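Here is what each chain is made of, one letter per residue.
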Amino acid sequence: MTRLWGVGFVVALASSLAPTVTRPAPRCPVWTVVERAADDDNLGLVACVGPRREVGWLDLYNSTSPSAPRILDDVIGTAFVFATNLLVDPPVRRCGVATSLLVAAEGVCRDWGHVAIVLSATPDHLPSWNLYRSLGYRQVRAAISAKSASVVLCKLLAA
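Residues numbered from 1 in each chain as written. Predicted model: local features only at pLDDT ≥ 70, side-chain atom pairs only at ≥ 80, totals over all residues. Heavy atoms only, no water.

**Quick notes on the state of the cysteines**
Tallying each qualifying case throughout the model produces one disulfide. Paired through a disulfide, cysteine 28 and cysteine 95 show a sulfur-sulfur distance of 2.2 Å. The chirality of the disulfide connecting cysteine 28 with cysteine 95 is left-handed, given an S-S dihedral of about -75 degrees. With cysteine 28 in the loop between β3 (20-22) and β4 (32-37) and cysteine 95 in the loop between β7 (81-88) and α2 (97-111), this residue pair connects regions lying 67 residues apart in the sequence. (Disulfide = S-S within 2.5 Å. Helix = DSSP H or I, 4+ residues; strand = E, 2+ residues; numbered from the N terminus.)

Structure, rendered in structure tokens:
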């Protein structure tokens, strides 16, 4: 027996089994990425749905800023943008918000005259790890700290 349930389906395999409901992914809203300047050397990117609903966030730090940490300078070997605090509102995850923020970060990186974006990630968090790898980020030999499970990923941008 197959019945239409919205756009998903309910399938009863046998009378002794409870029906299984497969629902479609939530509808993805349309968003835009806007910049929020923190200061001359740092920037926040925000994904917004409409004028007031924020659904994603990403902070960017310019490695040439005097206030930037120097821990990765020797490893990366060039000026870079450090991306951190990537957050997406749970109802719109898997809708491309994080990808849009990271692609926008590449534009900021180029605007600042840099050719590399660096971020840290935990390899055991597969959704973010797979996202970064699919966008071209590769692990570099560097650690944020000896006590952290995070590793450093870098993406070199084409000139």
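**Brief notes about the pairing of strand β8 (residues 116-121)**
The element β8 is largely enclosed, with a buried count of five among its six residues. When β7 meets β8, the two strands line up parallel, connected through two bridges. Across the sheet, phenylalanine 82 pairs through a bridge with valine 118, a residue of β8. With six bridges connecting them, β8 and strand β10 (residues 151-156) associate as antiparallel partners. Note that in β10 the partner of serine 120 across the bridge is valine 152. (Buried < 20%, exposed > 50% of the residue type's maximum accessible area, 1.4 Å probe, protein only. Pairing = 2+ DSSP bridges.)

**Some thoughts on unusual backbone geometry**
Working note: non-glycine residues mostly have negative phi, and peptide bonds are mostly trans. If you check the backbone angles, asparagine 85 has positive phi at about 60 degrees while not being a glycine. Checked against the element boundaries, asparagine 85 lands in strand β7. Using a relative accessible area of 44% as the deciding quantity, one classes asparagine 85 as partly exposed. Unlike most non-glycine residues, arginine 94 shows phi in positive territory, near 70 degrees. Residue placement: arginine 94 occurs in the loop between β7 and α2. Overall, the relative accessible area of 85% leaves arginine 94 in the exposed class.

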